[in-house]
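Remarks on the overall topology
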2 protein chains.
Amino acid sequence: MAGDGSDQRALQYEQTLMYGRYTQELGVYAKEEAARLRESGQRRSVSDRSRTLDLLEYDKGRCAKCRICTVRCQKFLISRVGEDWIFLILLGLLMALVSWVVDFCIAICLQAQKWMYGGLDSNVFLQYLAWVTYPVVLITFSAGFTQILAPQAVGSGIPEMKTILRGVVLKEYLTFKTFVAKVIGLTCALGSGMPLGKEGPFVHIASLCAALLSKFMSLFGGIYENESRNIEMLAAACAVGVGCCFAAPIGGVLFSIEVTSTFFAVRNYWRGFFAATFSAFIFRVLAVWNRDEETITALFKTRFRLDFPFDLQELPAFAVIGIASGFGGALFVYLNRLIVQFIRKQKAINRFLMKKRLLYPALVTLLISTLTFPPGFGQFMAGKLTQKESLVTLLDNRTWAKQGIAEDFDYIGHSQAWKHPQLNVFVTLVLFIVMKFWMSALATTIPVPCGAFMPVFVIGAAFGRLVGESMAAWFPDGINTDGTIYPIVPGGYAVVGAAALSGAVTHTVSTAVIVFELTGQISHILPVMIAVILANAVAQSLQPSLYDSIIRIKKLPYLPELGWGHHEKYNIRVEDIMVRDVRYITLNCCYRDLHNVLLTGHLKTLALVESCCFLSSCICVFVCLCVCLQISTEESSFSPTRPVPQKPLKPALKRPSVVERPTEIPTGKKHTYLHKQLQTTEFPNSRLMKQSERKGIGYLIDPKGVWVMIAEWEEKQLDEQVNFNNCKIDPAPFQLVERTSLHKTHTIFSLLGLDHAYVTSIGRLIGVVSLKELRKAIEGSVTVKGVKVRPPLASFRDSGTSSSENEATELHKLWDRHKSMSLPREHTPSESDEKSQ
Amino acid sequence: MAGDGSDQRALQYEQTLMYGRYTQELGVYAKEEAARLRESGQRRSVSDRSRTLDLLEYDKGRCAKCRICTVRCQKFLISRVGEDWIFLILLGLLMALVSWVVDFCIAICLQAQKWMYGGLDSNVFLQYLAWVTYPVVLITFSAGFTQILAPQAVGSGIPEMKTILRGVVLKEYLTFKTFVAKVIGLTCALGSGMPLGKEGPFVHIASLCAALLSKFMSLFGGIYENESRNIEMLAAACAVGVGCCFAAPIGGVLFSIEVTSTFFAVRNYWRGFFAATFSAFIFRVLAVWNRDEETITALFKTRFRLDFPFDLQELPAFAVIGIASGFGGALFVYLNRLIVQFIRKQKAINRFLMKKRLLYPALVTLLISTLTFPPGFGQFMAGKLTQKESLVTLLDNRTWAKQGIAEDFDYIGHSQAWKHPQLNVFVTLVLFIVMKFWMSALATTIPVPCGAFMPVFVIGAAFGRLVGESMAAWFPDGINTDGTIYPIVPGGYAVVGAAALSGAVTHTVSTAVIVFELTGQISHILPVMIAVILANAVAQSLQPSLYDSIIRIKKLPYLPELGWGHHEKYNIRVEDIMVRDVRYITLNCCYRDLHNVLLTGHLKTLALVESCCFLSSCICVFVCLCVCLQISTEESSFSPTRPVPQKPLKPALKRPSVVERPTEIPTGKKHTYLHKQLQTTEFPNSRLMKQSERKGIGYLIDPKGVWVMIAEWEEKQLDEQVNFNNCKIDPAPFQLVERTSLHKTHTIFSLLGLDHAYVTSIGRLIGVVSLKELRKAIEGSVTVKGVKVRPPLASFRDSGTSSSENEATELHKLWDRHKSMSLPREHTPSESDEKSQ
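Please read all numbers here as calculations on a predicted model, not as lab measurements. (Residues numbered from 1 in each chain as written. Chains lettered and ligands numbered in written order. Predicted model: local features only at pLDDT ≥ 70, side-chain atom pairs only at ≥ 80, totals over all residues. Heavy atoms only, no water.)

1. Concerning the overall build of chain A
Helix and strand counts for chain A stand at 33 helices and ten strands. Once local pairs closer than 6 in sequence are excluded, the contacts in chain A between residues at least 24 apart make up 76%. Counting every atom, chain A has about 33,800 Å² of accessible surface; 61% of that belongs to carbon and sulfur. (Helix = DSSP H or I, 4+ residues; strand = E, 2+ residues; numbered from the N terminus. Contact = heavy atoms within 4.5 Å. Areas by Shrake-Rupley, 256 points an atom, 1.4 Å probe, with all protein chains shown as cover.)

2. Some words on the environment of B:Ala330
Residues and elements named next belong to chain B. As for its position among the elements, Ala330 is in helix α11 (residues 315–345). Ala330 sits in the buried class, given a relative accessible area of 5%. Separated by 176 residues in the primary sequence, Ala330 and Thr506 place their C-alpha atoms 9.6 Å from one another. Here Ala330 is in contact with Ala539, Leu542 and Gln543, once residues within four sequence places are set aside. (Buried < 20%, exposed > 50% of the residue type's maximum accessible area, 1.4 Å probe, protein only.)

3. Brief notes about the side chain of A:Thr187
Examined against the element boundaries, A:Thr187 turns out to sit in helix α6 (residues 176–191). Beyond its immediate chain neighbours, meaning those up to four positions away, A:Thr187 contacts A:Val102, A:Cys105 and A:Ile106.

4. Thoughts on the packing of aromatic side chains
Residue and element names in this part refer to chain A. Overall, the coordinates contain 38 aromatic pairs over all chains when judged by the stated rule. An angle of 80 degrees between the planes, with centres 5.3 Å apart, marks the rings of Tyr128 and Phe373 as edge-to-face. In this pair, Tyr128 sits in helix α4 (residues 124–149) while Phe373 sits in the loop between α13 (359–371) and α14 (387–394), placing the two residues 245 residues apart along the sequence. Residue Tyr128 is classed as partly exposed on the basis of its relative accessible area of 22%. (Phe/Tyr/Trp six-rings, centres within 6.5 Å; stacked < 30°, edge-to-face > 60°.)

5. As for the pattern of salt bridges
Residues and elements named next belong to chain A. Applying the stated criterion across every chain yields a total of 14 salt bridges over all chains. Taking the shortest distance from any N to any O, the salt bridge between Lys554 and Glu160 comes out at 2.3 Å. Remark: Glu160 occurs in helix α5 (residues 158–165) and Lys554 occurs in helix α20 (residues 546–554); sequence separation between them is 394 residues. For the pair Lys554 and Glu160, one class covers both residues: buried. (Salt bridge = Lys/Arg side-chain N within 4 Å of Asp/Glu carboxyl O.)

6. Digging into the state of the cysteines
All names here are of chain B. Under the definition given, this model contains zero disulfides over all chains. Lacking any disulfide linkage, Cys244 is separated from the closest cysteine sulfur, that of Cys245, by 6.6 Å. The exposure class of Cys244 is buried, given its relative accessible area of 0%. Its sulfur unpaired, Cys450 is 13 Å from the next cysteine sulfur, which belongs to Cys188. By relative accessible area, which is 3% here, Cys450 ends up buried. (Disulfide = S-S within 2.5 Å.)

7. Re a positive patch on the surface
Residues and elements named next belong to chain A. On the surface, a cluster of positive charge is made up of Lys347, Arg351, Lys355 and Lys356. Note that Arg351 resides in helix α12 (residues 347–355). Owing to a relative accessible area of 54%, Arg351 belongs among the exposed residues under this scheme. (Patch = residues over 30% accessible without salt bridge, like charges linked within 9 Å, V, L, I, M, F, W, Y side chains within 5 Å. Lys, Arg positive; Asp, Glu negative; His and termini not counted. Charge placed at Lys NZ, Arg CZ, Asp CG, Glu CD.)

8. Overview of the environment of B:Ala265
Residue and element names in this part refer to chain B. Mapping Ala265 onto the fold places it in strand β3 (residues 263–265). Of the residues examined, Ala265 reaches a relative accessible area of 8% and is grouped as buried. Along the primary structure Ala265 and Glu232 are separated by 33 residues, whereas in three dimensions their C-alpha atoms are 9.1 Å apart.

9. A look at α14(A)
Residues A:Glu389, A:Ser390, A:Leu391, A:Thr393 and A:Leu394 constitute the buried set of α14(A). Looking at the buried residues of α14(A), the elements they touch are α3 (84–119), α15 (425–443), α16 (453–474) and α17 (490–506) of chain A.

10. A short note on the packing of helix α17 (residues 490–506) of chain B against helix α18 (residues 511–519) of chain B
Residue and element names in this part refer to chain B. Remark: α17 packs on α18, axes separated minimally by 9 Å, with the N-to-C direction vectors making an angle of 140 degrees. In this view, α17 runs oblique relative to α18, as classed from their interaxial angle. Crossing of α17 over α18 shows right-handed handedness. Contacts between α17 and α18 involve Val495, Ala499, Ser502, Gly503 and Thr506 from the first element and Thr511, Ala512, Val515 and Thr519 from the second. (Axes fitted to C-alpha atoms, helices over the stretch in contact; angles between N-to-C directions. Parallel < 35°, antiparallel > 145°, perpendicular 65-115°, else oblique. Left-handed = near helix turned anticlockwise from the far one by under 90°.)

11. Overview of unusual backbone geometry
For A:Ala382, which is not glycine, the phi dihedral falls at a positive 50 degrees. With respect to the secondary-structure elements, A:Ala382 resides in the loop between α13 and α14. Of the residues examined, A:Ala382 reaches a relative accessible area of 5% and is grouped as buried. Positive phi is not limited to glycine here, since B:Ala247 has a value of about 55 degrees. Residue position: B:Ala247 is located in the loop between α8 (227–246) and α9 (249–260).

12. Observations concerning the confidence of the model for chain A
All names here are of chain A. For chain A, mean pLDDT is 71; residues scoring 70 or higher make up 63% of the total. Mean pLDDT per element in chain A: helix α25 (residues 651–657) is the minimum at 30, and α17 is the maximum at 93. This stretch, residues 781–837, has a pLDDT under 50; its non-local contacts, to residues over four places away or in other chains, come to 127 contacts. Interface confidence in the predicted complex, given as ipTM, is 0.70; pTM for the same model is 0.71. (pLDDT = per-residue confidence, 0-100.)

13. Let's talk about a nonpolar patch on the surface
Residue and element names in this part refer to chain A. A surface patch of nonpolar side chains, about 340 Å² in accessible area, is lined by Phe352, Leu359, Leu363 and Leu366. The dominant element in the nonpolar patch, judged by the number of residues it contributes, is α13, at three residues. Assignment of secondary structure puts Leu366 in helix α13.

14. Brief notes about the environment of B:Ser369
Residues and elements named next belong to chain B. Mapped onto the secondary structure, Ser369 falls in helix α13 (residues 359–371). For Ser369, a relative accessible area of 2% corresponds to the buried category. Along the backbone, Ser369 and Leu556 are 187 residues apart, and their C-alpha atoms lie at a distance of 32 Å. For Ser369, the contacting residues outside a window of four places in its chain are Trp131, Val132, Pro135 and Met194. Polar contacts involving the side chain of Ser369 include one to the main-chain carbonyl oxygen of Thr365, which spans 2.7 Å. Engagement of the side chain of Ser369 in a polar contact is seen with the backbone oxygen of Leu366, the distance being 3.4 Å. (Polar contact = N/O pair within 3.5 Å; in protein donor to acceptor, adjacent residues only side chain to side chain.)

15. Points about helix α10 (residues 269–289) of chain B
Between its first and last C-alpha, α10(B) extends 30 Å over 21 residues, near the 30 Å set by a 1.5 Å rise per residue. By the criterion of burial, α10(B) is predominantly enclosed, with 19 of the 21 residues buried. (Expected span 1.5 Å × (residues − 1).)

Structure below.
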C-alpha cells in the first residue's frame, strides 16, 4: 500500500474510500518539496533577471514623468493594500458572498426536490423515485466532481486546518482547484437534503479564500509573502468561515480558536473578530437586500419570554441533558470511526468499492433517502422537513405536548410534520433522534465536502426538545410555587440540547456562544453553559473530538492534547519517559567511530558531546546525515540538476541504481577530497557493500574505474579524526532537566513544535525525549506514527530567509537519495513494519 | 530616590501618591529572593527531618491497622482534592460568596447614605454635610486601611496580574494581607458612591483567592506546588473574577484572556469557563435565595423588542458611537495618566501630600461629592443616582425625549432623576457625561482598591443614550419606510455606547460579550460588534490601554505589544536592530582576557565562542559572572550564612564594608584554590583596588594578613588559561538568523520570555538582540527601563526542580554582593542615571 505513490506533488496521500490517509512521512515530503522549491527558485531568478532587463530597455523609451507617477501610485497602492484590514474586509466580503450564494443554491435545490415530490403526488412509486433519485444524483455528482478535480476537498477540512495551523505544510489543501471542488461539491451535497453540515467545509473554504487572496494580493505588495502573516491570516479565515456560516461572529472566532489552535496569540484576536463581524454583517445584509428578512436578526430567531426564562428547579433537567449529550457525543464520534474502520477492514468490500468509487455514496444516499421518504417510514420521523425546517420547529417556543397527548395542539406550518395521527409526539421525536443519529454518522463518511456540526446540532435540539416536552407534560403548570404560573418552555431545552451535543462532539464550549448568536437570545445562558461544560467533561473523558478522530483516521501528523483533570501529568517527569540509550559521538572521535554509530541504526541526528565520559557541560546536536555531503552543499552550493525521482524505486530496482551515482556527483577539482569523504559515510546502511570494500573486491560496475581505488583509500581515511569544522551542528538543541514534568514538556513541545529534546543533568547528557515517547506517555499506547511537526514559528519556507533550514533539508534530500540507492536495509525491520501498516 | 529601600521583602516598591512605582530592577530582587528561599529551604528541610523523626517514633506506638487506614484515606483525599475541578469549584464558590457579600455591603452603605441624606431634608446645609462627610470618611478609611495593611492592594490589580501571568514574580501581591486589604478597602471605596468600579479589583481578589486556596490545598496534596499549574489556575481565577463580578461567564473568560494574556493555551480554556460559570451561577442563585430576584436572569436586564431590534439605516449612528467612543476612550486614558503625572511633577505638592497621605483621597472625594450634591449642581447631572441606578435607567427601553421636550414623558422611579424642570434631558445627559468623565479619571487615581471599568461603562451608556435620544427626536416615527412603524430604541444605543467606550479604554472586544450577558439580550450583536471594533481601532492607534498605561506608570516589567496593521514589523529584520558590538571570549582565552572583557562593562552574560576569528559554528553563552565564584557554589554548595543586607549601602559606606569580606568567605581547606580565584574576578569593577594591588600596597585592613599575599599571587594567575571545565555555560542560547523579522522576534521573545538572543549567520556570531533593542524598535523610543521578564514556562521557582536556575540566581546573588561591596563605579554613568530617574 505504501508502495504506490501518486504522480502529483503532494504529501503522499492515499485515496481510500471515505477519508483517505497519509502514507508518506512528512520529513520525506519536506525534503522533496525543498529541493523542488530550490530548483524553481533558481529558475525563477534567471527569468526575473531577463525580465528586469527587458523592463529597463522599455523604460528608456518612456518619459520620466510618467514613470515617477506610476511608481508613486504603485507605492501608495502597495502601502494601502498591504494593510491587514483591507485584506480582512476583502476576505469577509468574499466569504459572505460565497456563503450567501451557497445558501441560495442549496435552497433552490431543496425547493426543486419538494416541487418534484409535490407534483407527483398521484403516484407513490413515482414520488418515491423522485424523492430518492434526486439526492442520489446530486451526491454522486458531488463525489465524482470532487474526486476528479481535487480529492483533498473531501470531508470537513477542520482537521486539515488544525494541522496546517500547527505548522505542517499541506500545500495542495489551499489551491484554487480545491476551492472550486469544495464550493460546488458542498452545494450539491447539501442540496441533496442529506444530514450534512456546511460549517466544517466553510472553515476550509475561508482558508482557501485567504490563501488565494493572499496570493493575489502579493502581486501588489511584498508583505503577503511573509510566512507568519499567512498563518495569522489563516487563523482569521477560520473564524470568518464559522462566522459567515452561522452569522455568529463571536462564536465563530471562539469556535475556530478552540478547534484549530493549541496556543493562541491574543494579538491576533482582533483579526478574527474584525473579519468575522464584517462577514456576518454582509451575510445578513444580503438577506435583507434579498427581501428574505426585514432587518438584521438571528438566523434561527427564538421568541422565548424574557422575564422568566427558566426556573431554578429546572436546572437538574438541564444538567441531565448535558450529561446525556456527553455520552451521545462520544457515541457519535465512536460510531463514525467504527463505520470507517469497519469498511476499511472488509478487504473484499473495500476493494470492490474502491473500483466503483461512486457506488458507496450512491448506496448510502439511497438508504438514507429511502428511510426518510415521507409516505414511508419518514412519516414517523418528520422526514419531510429539511434540516433548517426541523431546527426552526424544534426551537419553537410553543409546547407541543401541552395536553399530554398531541391531538389538541394546532400545529402550524412545518410543525405539522411532527404530528402523526397514530403516534405520540414523543415517539416521533425518539425515532427522529435515533434514526438521524446513525444516519448522520453514516452520511458524514460519504466522500463529499461536508461537515457534521449541523446534523449533530439538530439531533441535540431534538433531544433537548424531547426532554423539554417530557418536563412540560410532567409539570403542565410549571414548577414555580410562587403563585404566578410560568409554564415550561421546551424550546429552551432544545437550545440547551443543541449546544450540549454539538459541544460534546467537537469538544468545545463555544457552541454555547454560537447557540446564542443563532437564536438571538441569551436568556438561557446559565443552563446552556452548565450543560455544555458537563457534556464536554463526559465526552472528553470517553472519546477524542470528532476532528481529532478524523486526524487519527487520516493519519495527519499531530501531537495529542493533554486531557483535563489528570493531575498525573504534573507528577510524571521526563526522567520517567526518556530514552536513556542515547547514541552520541565525541568531539575527538575518528571516522570509524562515526561509522559504527551510524551502522547501529538509521539516525537522523546524533548527539555530539564534548568528551566521552559524559562530563562535558556542552552538548551539541550534530545533524549527522553525513559530515561530508554537507560540505559539498555548503561550499559549492551544490544543487542537483536532476529532480528527485517521483516514483519511489522498488527494492529490486535499487541495486542497479548505484551505477548512476558517479554521474550525479560533480567532479570538479574542488570536490575530489569531498568526493572521497562522501564514500566513507555513504555505506553505513549497506553491510554487504562495506564488506566487499574491505576485501577490496569492488563489485561495483564502474565505467570509470575510480571506485575500486577509492574503496581502498577509504579504509585509511576511516582512522582519521573527524573534522567537524564545517559540519552542520545545531549548537542549541532544546534541553530539559530530568525533573521537568510531562505537562511542561508537552507545553514546550507544542509551543515550539519540537521533534526531540535532550535531557541533561548538570550538563551531562542522560537521555533524549522525542515526540514518540511523549505521545506514548500521554496516550499509553502508540496509535499513529510519529512525524515531525514543523515549528509554527520558525518556518520560513519558500523564501531564502532561512539558509540553515534550506541547507538542512537539502542535506536530508541528498542523504535520502543515497539511502534509496543503497542496498535494501534488512536490519531495520521496525521502519518497514510501520510503513506497511 | 533609589536609595531609600523598604524593609519588607518586596520588589522595591516606591509608595507614591497614587499608583506607586517600582524602583528596583527585577533581576536584583530575584537574586535576593532566591537566596532567601534557599536559606529557608535549608532550614525547613532540617525541621522537616526532625518532624519526620518524631512521627516515626509516634507511629511505632500505634497499631498498624489504624495507620494503614489513615494512609489510605489520606491518599484518597489527595487524589480527589488534587483534581482541577474540585479546586475550580471551590474557587468559584468562594468568589461568588465574596462577590455577593461585597455587593450586599456596598448596597447597605449606599442605602445608609441615602437614608441619612433623606432624613435631613429640613436643612440643606446638614444635608450637604451628611452627603459629603459620608464618602469622605469611607474613602479615607479605605485609603488608610489599605495603606497600613497592604499597599499593594491599591488600584485595579489587572496590570499586576498581567505582569504575574507573564512570569514575573510579584509575590507580595498574592498574600492574605493583600486579600483582606483589597476586600475591605474595595467595599468601603464602592460604598462611598464615588465613580469607581469593582471589576479590576475582583480580578485581583480572585487571583488572591486562587493563590491562597492553592496554598491551603497544598497541605493535602503535592500537586499544588507545581508552578505551571499555579499559573494556569491564576489565569482561570482572572476569568472567575470578571465572571462573578458581572455574572458574565463567557465575557469574563474572554475579557480576562484579552487583558492578561499574550499567548493563550487553548487547553486551559475550559478551566476558565468551568470556574466562571459555576461562580456566576452561585452568584445569581444567592440573589434568588435572598429574594432579590425571582429566578436567574441578567444583572441589568433589558426588555428591547426582539422582532425588529434596529433598522439597517441606523447602522451609521452606531458606527459614529463607535468612533467617538474610540476617541473618548483614548482621552480617558490620557487624562488619567496626565493627572498622575501632573501631581508627580509638582514636587512641592507631591511632598506635602506624601506626608499627609490621606489628604489627597479626602480632597478628591470632597470635590466630587460636592459637585454631585443633588440640591446643588447634582440636580443637573442626575447626581442622586448611584452608579447601578444610572445604568439601569440608561438601559431603559422607553424613549425619554419622545416629544422632543421632556415634559410630557412620565418618568417612573429612578428615571425621574434625569428630568429637570428647567433643562432639557439632552443637557442633563451632556452634563452627566462631561462631569462623570473627568470625575472618573480623577477618582481612579485615589489610592484605594478600585477599577475604572464600571464608571467608563456608565459614561459610555450615557453617551449612547444621548445619541439614541437625538436619533429618536430626529426620527420620531422610526426610519423604516416599509409601512410598519418601528420607533427607535435609545436603550439599544446605550448598550452599544457602553460596550464601545469600555472596549476602547481597555482595548478589548470582549466587552461586547459582557454587555450581552449583563443585559441578557443579544439582539444588538452586530451594532455592538461594529462599534466595539471601530472604537478599538481608533483607541489603539492613539493611546495604550488603561492597563498598559498603569503598567507604564508603575514601571512594571513589560514588553510592549505590537500594534495592529503596521506591516512594517514584517519588514524590519533582526539585522536592522541588533547590537553588532558583542563582547565575547574564546575557549582558549586566559584569565587576563576575561578580566579585560569584564572591565569594559557590567555584563551579566558573555558569549563564549569556539575561536576568535568568529568562524566557529558553535556558540555558547557563558554565564560569566565569574568562573570561580561559581565553582565555589557548585562544588561546595556554598551558601551564605548571613542574609544579604536588605538596606542597600550608600556609596560612602561601601569601601569600609570590604573589610568584612574575609569573614564571609569560608576558609576551609577545600576552598583555598577557589578562594584565590575568587579574587581574580572580584575586582573588575574597581579600578582603584586593582591598581593598589598591582603596586602590592595592600591598603586593605586585613586582620589575618592573607590578602596582600593573595594580591601578588593573582597577578601570575591572570596569565593562566581559563579553566572552563566546571563553568556554568548555557550551551543552548537562543539564536536568530539575521533575516528574522521583527514580528517573529517579538513572538519568540514573548512566547519564551527571552531576555536576549544571539544573531548568527551560518554559525558565526554577528550580533545580539535584547529586550531593550526590541522595545526600541517597536516603540521608536525607550520609555521604561528594560527588566528581565522571566520565562513563563521555564520557571521552576520555590522547589528545587531546577537546580541550574537556582544555582544561576545564587551566582547572581554572590556576584551582586561583590559588586555592592566594591568601589562605586564611576565609569558606568548610564546605570546610575537610570536609577536616579
